[in-house]
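Chain by chain, the residues run as shown.
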Amino acid sequence: MDAALVTAFGVIGGAAVTGVAAMYGSKVAGRGQREGTALTGYDNLTQRLIAERDKAEMDEKTAEARASAAEAKASALEAEVARLRLLVTQLGGTP
């Protein structure tokens, strides 16, 4: 083999090694990008779920407050009905 042939084989081998290294580097970079995208998506989903949970808890507290207010109003109305029945009875009527 002469020097030109050895040089040509060296260049071809070097190009092949460079190509393989570039493909591997691209694969590793793509994996890192996919993992980063997955983590970002996970974080976004987690934040949305936390916000939804907080809203649901607030809605639940609001509903409980309304229910308590309605129960208090119902108790007040029952007391008023009882008072009026007693008044009707005292005045000689039939409740």
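Residues numbered from 1 in each chain as written. Predicted model: local features only at pLDDT ≥ 70, side-chain atom pairs only at ≥ 80, totals over all residues. Heavy atoms only, no water.

## Points about the overall build of the protein
Condition: Where helices and strands are cited, they refer to DSSP runs of H or I of at least four residues and of E of at least two residues respectively, numbered from the N terminus. In this scheme, a residue with accessible area under 20% of its type's maximum is buried, one over 50% is exposed, and one in between is partly exposed, where area comes from a 1.4 Å probe on protein chains only. Throughout, the Shrake-Rupley method with a 1.4 Å probe supplies accessible areas, and for residues the shown protein chains are the sole cover considered.
Within the protein, the secondary structure is distributed over one helix and zero strands. When burial is assessed residue by residue, the protein has 1% of its 95 residues classed as buried. When the accessible area of the protein is evaluated, it comes to approximately 8,200 Å², of which 65% is carbon and sulfur surface.

## Some words on the pattern of salt bridges
Two side chains of opposite charge can pair, provided their charged atoms sit close to one another. For the record, the criterion: We define a salt bridge as a side-chain nitrogen of Lys or Arg found within 4 Å of a carboxyl oxygen belonging to Asp or Glu.
Inspection of the entire model under this criterion finds four salt bridges. The salt bridge involving R53 is made with E57; its shortest N-O contact spans 3.9 Å. Here R53 and its partner E57 are both found in helix α1 (residues 3-90), four residues apart, which amounts to about one turn of the helix. In this structure R53 comes out as partly exposed when scored by relative accessible area, which is 45%.

## Some points on a nonpolar patch on the surface
To be explicit about the condition: Patches here are clusters of residues that have more than 30% relative accessible area and form no salt bridge, with a 9 Å joining cutoff for like charges and a 5 Å cutoff for nonpolar side chains (Val, Leu, Ile, Met, Phe, Trp, Tyr).
Among the surface-exposed residues, L84, L87 and L91 lie close enough to one another that they form a single nonpolar patch of about 290 Å² accessible area. By the element assignment, L87 lies in helix α1.

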